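Listed below are the residues making up each chain.
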Number of protein chains: 2
Amino acid sequence: MAYSHFKNNKVEMKEVIQAKDYMAAPITPLHELEKNQNDMKAQMELLIMRIQAEFCRALEKEEDEAWDDDKTPHEYDFENDAFIISPDAKFKVDRWTRPTGGGGITCVLQDGRVFEKAGVNISVVSGTLPPAAVQQMRSRGKNLQNAELPFFAAGVSAVIHPRNPMVPTIHFNYRYFEVKDKDGVQWWFGGGTDLTPYYLNEEDAQLFHTTLKNACDKHDETYYVRFKKWCDDYFHIPHRGECRGIGGIFFDDLDSPDQKSAFDFVTSCAEAVIPSYIPIVQKHKDAAYGYYERQWQLLRRGRYVEFNLMYDRGTKFGLHTPQARYESILMSLPLNAKWEYMNEPKKDSPEEQLMTVLKQPRDWVK
Amino acid sequence: MAYSHFKNNKVEMKEVIQAKDYMAAPITPLHELEKNQNDMKAQMELLIMRIQAEFCRALEKEEDEAWDDDKTPHEYDFENDAFIISPDAKFKVDRWTRPTGGGGITCVLQDGRVFEKAGVNISVVSGTLPPAAVQQMRSRGKNLQNAELPFFAAGVSAVIHPRNPMVPTIHFNYRYFEVKDKDGVQWWFGGGTDLTPYYLNEEDAQLFHTTLKNACDKHDETYYVRFKKWCDDYFHIPHRGECRGIGGIFFDDLDSPDQKSAFDFVTSCAEAVIPSYIPIVQKHKDAAYGYYERQWQLLRRGRYVEFNLMYDRGTKFGLHTPQARYESILMSLPLNAKWEYMNEPKKDSPEEQLMTVLKQPRDWVK
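It should be emphasised that the depicted structure is a prediction, and the values quoted were computed from it without experimental measurement.

> Can you walk me through the relation of the copies chain A and chain B in this structure?
In summary, the two copies of the chain are related to each other by a rotation about an axis coupled with a shift along it. Rotating chain A by 180° and translating it 0.0 Å along the rotation axis places it on chain B, where the RMSD comes to 0.0 Å. Overall, the copies show the geometry of a two-fold rotation axis. Comparing interface residues between copies, 97% of those in chain A also lie at the interface in chain B; the contact surface is shared.

The following block contains the structure:
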């Protein structure tokens, strides 16, 4: 047992003892992960397994409570909500492996009462990078040989589209990369968390950004400002001149100050997801809304699709990889989206207020 | 008057006398078009104006009749269809100009009874091509200087998304290009028409392809086979290993056998759109369907979005152009689309039958 084996070594044991709660068996056999706990590859895989499970459980809890409320007075009275299909929305778990090495665990909850579509994915992949991919990394400033190189990548990625338009969509992704060339192994981390509201709530925005800033500040007081700006620049839809949402943090190529510190920083960021988001879900999941607000949410989801399919590097990189598991990559797309020709929010409306912030990102932390 | 001026010259007059029926005033002033009738730029602008107007009127006629049927028994009884908003769906016409030269006319009909979203766009644009765009054309085999070059482009483009899942979506685009370099003016035509059914009807597919083949055969008996294959290859979604629809014809860089013959071919293709499509609309627009068929249509519309945003050269080229009128480019996107994780058609269902043809294009003309 993982627990008994590691209980005398509390520092290293942190991740492994969670194994029984994971969404599925890890891609790398558990005994190998336990054996290689000093290797960052194993540490990262254990981290993303834990983050995936904790986040899925937190979302399922919201879903369960929404159903419980309903069960008490009249058992399963669905008359008032034509959208609801499943009376017990849980994550569907797909564990998949790639013939060329590695695999992933994709968890999707669809058509829930609180969440219209929620995807939480981990992947652990190794193999050789084709020269074109190596070239792309070189152009980002990595000092790599221009040849086919062995690599390892592990990451967790989630996009949550709630049903209620007053609850924002959240996205996060944290990943670790290793590439081996003739000079040895190069490693780096990347990731970020960002929020896409349909209606702006300034308190939510402040809570969200403050929680991320606190996670950053524990490690480096320059991180939040730099990574907040990086996020605003990255999640930008050039042809519309607007941002996808109200940002958060985003970083890539992080290989300093040292591997352990960088991993600790990524751990703090990933652990900040639940406290930055779940309180916002709880606050608004029962908010009143009507046809008009739903239509606006669907239009904004169209913009989300535009960004993800046209500009998101992860999506493009993923889908252009041979034998990509496209269903896991595209779980980020909303269940429903809408495109209306020349839709313009009314003057001084809440919809226009959101657009102002999307066109001109604001600072949310004093 | 255009008509009196040209009535003694019946060959050249063909386009100009239609002017009163255009959707809006041409981008190039009418008197200039009349004066320059021997110039292909003017001929193409007149052609696309006429094609746009004829096609919009043909679609409006279907819409009008759908409303007429309904008015007779109970005036404006909308109880049975919650989607219907406008009792008199007509094209909204936007004539726009670019500060740097040219402009376009965008016609969109949204939320009709027969058509959920129909966009028919023309654009007439001139200016200088940035070196990157010239480079892209060189790589396609054009023998052009690698510098900033003056260009002219005129085209008509339409995407029609009907409401009834038994009626396919159609797309067509016909365009003319001129680029001037030190050796003089190079010109070429491109275009195509293709069909995207939600449920396969073999008779429709045969009618559609036969109409296109007849238009091709009048000009060159090798065209249909070559351009049908080009269409299947182009409208392909690599990450899903499926075609967008059941094809049609597609060609580019057509500069043979001579300018007049190429223009006549393009004219035949553009004139084939109505007879290839409107009979299919009429046949199925009142077909019975239910919730399940609508959901399938929405899922397939998600695939349409994937192709257009990720792979369509016209969309990408358009949106990456500075000051692009993105609303005109993105009118091709459906009003509603859906993405479900791991949706799989049932075995031997009509949905699976469609997928078989999308994964393995068929010949539709004996």
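There is more to say, and it comes next.
> Would you mind showing me how to read the packing of aromatic side chains here?
The description of two aromatic rings rests on the distance between their centres and on the angle between their planes. By the definition in use, this model includes 44 aromatic pairs over all chains. Taking 6.0 Å as the distance between ring centres and 25° as the angle between the ring planes, the aromatic pair formed by phenylalanine 151 of chain B and phenylalanine 177 of chain B counts as stacked. With phenylalanine 151 of chain B in strand β4 (residues 149-162) and phenylalanine 177 of chain B in strand β5 (residues 169-181), the pair connects residues that are 26 residues apart, well separated along the chain. The buried category is assigned to phenylalanine 151 of chain B, whose relative accessible area is 14%. Here the basic side chain of lysine 41 of chain A rests over the ring of phenylalanine 152 of chain A, its NZ or CZ set 6.0 Å away from the ring centre.

> Honestly, the interface of chain A and chain B in this entry has me stumped. Any pointers?
It is common to give the size of an interface as the accessible area lost on bringing the parts into contact. Between chain A and chain B, the contact holds 32 residues from the first and 32 residues from the second. Summed over both sides, the interface of chain A with chain B buries roughly 3100 Å², with 59% coming from carbon and sulfur. Contact with chain B buries surface across chain A, with Glu327, Trp339 and Tyr341 of chain A losing the most and accounting together for 26% of the total. As a salt-bridge pair, arginine 240 of chain B and glutamate 327 of chain A come within 4.0 Å of each other at their nearest N and O atoms.

> Would you mind going over the environment of isoleucine 122 of chain B with me for this structure?
Residue and element names in this part refer to chain B. Positionally, isoleucine 122 belongs in strand β3 (residues 115-129). For isoleucine 122, a relative accessible area of 0% puts it in the buried group. Between the alpha carbons of isoleucine 122 and lysine 92 there is a distance of 14 Å; along the sequence they are 30 residues apart. The residues touching isoleucine 122, leaving out its near neighbours within four places in the chain, are Ile48, Met49, Gln52, Trp96, Gly103, Gly104, Ile105, Gly155 and Val156.

> Looking at this structure, I do not really get the pairing of β5 of chain B. What am I missing?
For a regular strand, the rule is simple: side chains alternate between the two faces of the sheet. All names here are of chain B. The buried count for β5 comes to 11 of 13 residues, which makes it a mostly enclosed element. Of the pairings in the sheet, the one linking β4 to β5 comprises 10 bridges and is antiparallel in character. Paired with alanine 158 across the bridge in β5 is phenylalanine 172. Taking the residues between adjacent antiparallel strands as the criterion, β4 and β5 are bridged by six residues. Strand direction decides the pairing type here: β5 and strand β6 (residues 184-196), joined by 13 bridges, are antiparallel. Bridge pairing links valine 179 to glutamine 186 in β6. From the end of β5 to the start of β6, which pair antiparallel, there are two residues.

> Is there a simple way to think about unusual backbone geometry in this case?
Residues and elements named next belong to chain A. Omega for the bond connecting serine 256 with proline 257 falls within 30 degrees of zero, at -5°, which places this linkage in the cis form. With respect to the element layout, proline 257 can be found in the loop between β9 (248-254) and α8 (259-271). The backbone of methionine 342 sits at a positive phi, close to 55°, despite the residue not being glycine. Despite not being glycine, aspartate 348 shows a phi value in the positive range, around 60°. Structurally, aspartate 348 can be placed in the loop between β10 (336-338) and α13 (350-359). Residue aspartate 348 is classed as exposed on the basis of its relative accessible area, which comes to 65%.

> So what exactly am I meant to see when it comes to the sheet that holds β3 of chain B here?
Residue and element names in this part refer to chain B. Overall, antiparallel pairing links the seven strands, which are arranged β1-β2-β3-β4-β5-β6-β9 in an open sheet. Each edge of the open sheet carries a strand with a single partner, namely β1 (92-97) and β9 (248-254). Averaged over all pairs of adjacent strands, the angle between their axes in this sheet comes to 10°, without regard to strand direction. For β1 and strand β2 (residues 103-110), the ladder comprises six bridges, and the chain directions are antiparallel.

> Which parts of the structure should I look at to understand the sheet that holds strand β3 (residues 115-129) of chain A?
Each strand in a sheet pairs with its neighbour through backbone hydrogen bonds, running either in the same direction (parallel) or in the opposite one (antiparallel). Residues and elements named next belong to chain A. Strand order in this open sheet of seven strands is β1-β2-β3-β4-β5-β6-β9, and the pairing throughout is antiparallel. The open sheet has two edge strands, β1 (92-97) and β9, and neither has a second partner. Within this sheet the neighbouring strands show an average axis-to-axis angle of 10°, counted without direction. Each of β5 (169-181), β6 (184-196) and β9 is contacted by helix α6 (residues 202-217), which is oriented at about 30° to β9, the strand it contacts most.

> How should I be thinking about α13 of chain A in this particular structure?
Taken together, the buried positions of α13 of chain A are Glu351, Leu354, Met355, Val357 and Leu358 of chain A. Looking down the long axis of α13 of chain A, one finds its buried residues gathered within 160° of arc, a one-sided arrangement.

> Is there a simple way to explain the pattern of salt bridges in this structure?
Where side chains of opposite charge bring their charged atoms close, a pairing between them can arise. Residues and elements named next belong to chain A. Under the defined criterion, the tally for this structure stands at 58 salt bridges over all chains. Aspartate 232 is paired through a salt bridge with lysine 228; the nearest N and O atoms lie 2.8 Å apart. Of this pair, aspartate 232 and lysine 228 both sit in helix α7 (residues 223-234), four residues apart, which is roughly one turn of that helix. The same class applies to aspartate 232 as to lysine 228, namely buried.

> I keep staring at the side chain of arginine 50 of chain A and nothing clicks. Help me out?
All names here are of chain A. Counting through the fold element by element, arginine 50 comes out in helix α4 (residues 40-71). On the basis of relative accessibility, which here comes to 5%, the residue arginine 50 falls in the buried class. A distance of 2.7 Å separates a polar atom in the side chain of arginine 50 from a polar atom in the side chain of glutamate 271.

> Whenever I open this one, the environment of glutamine 297 of chain A confuses me. Can you help?
Residue and element names in this part refer to chain A. Considering the arrangement of structural elements, one finds glutamine 297 in helix α10 (residues 291-310). A relative accessible area of 0% places glutamine 297 in the buried class. The sequence separation of glutamine 297 and glutamate 271 amounts to 26 residues, and the corresponding C-alpha distance is 28 Å. Residues in contact with glutamine 297, not counting those within four places in the same chain, are Glu116, Pro162, Arg163, Asn164, Pro165 and Tyr198.

> Looking at this structure, how should I read the side chain of histidine 171 of chain B?
Residue and element names in this part refer to chain B. By secondary structure assignment, the location of histidine 171 is in strand β5. Here the side chain of histidine 171 touches aspartate 194 through a polar contact of 2.8 Å, side chain to side chain. Excluding its chain neighbours within four sequence positions, the residues that come into contact with histidine 171 are Ala158, Val159, Gly192, Thr193, Asp194, Phe235, Arg244 and Tyr304.

> Looking at this model, I keep getting lost on the packing of helix α10 (residues 291-310) of chain B against helix α13 (residues 350-359) of chain B. Mind explaining?
Axes are the key here: two packed helices are described by the angle between their axes and the distance separating the axes. All names here are of chain B. For the pair α10 and α13, the least separation of the axes is 12 Å and the interaxial angle reads 25°. Between α10 and α13, the angle is such that the two are roughly parallel. Judged by the twist between their axes, the crossing of α10 over α13 is right-handed. Every residue of α13 that contacts α10 at Tyr292, Trp296 and Arg300 is listed here: Glu351, Leu354, Met355 and Leu358.

Reading the values: rules and limits
Residues numbered from 1 in each chain as written. Chains lettered and ligands numbered in written order. Predicted model: local features only at pLDDT ≥ 70, side-chain atom pairs only at ≥ 80, totals over all residues. Heavy atoms only, no water. Least-squares fit on C-alpha atoms with pLDDT ≥ 70 in both. Contact = heavy atoms within 4.5 Å. Phe/Tyr/Trp six-rings, centres within 6.5 Å; stacked < 30°, edge-to-face > 60°. Helix = DSSP H or I, 4+ residues; strand = E, 2+ residues; numbered from the N terminus. Buried < 20%, exposed > 50% of the residue type's maximum accessible area, 1.4 Å probe, protein only. Lys NZ or Arg CZ within 6 Å of the ring centre and 35° of its normal. Buried area = accessible area lost by both parts, 1.4 Å probe. Salt bridge = Lys/Arg side-chain N within 4 Å of Asp/Glu carboxyl O. Pairing = 2+ DSSP bridges. Axes fitted to C-alpha atoms, helices over the stretch in contact; angles between N-to-C directions. Arc of directions from axis to C-beta. Polar contact = N/O pair within 3.5 Å; in protein donor to acceptor, adjacent residues only side chain to side chain. Parallel < 35°, antiparallel > 145°, perpendicular 65-115°, else oblique. Left-handed = near helix turned anticlockwise from the far one by under 90°.

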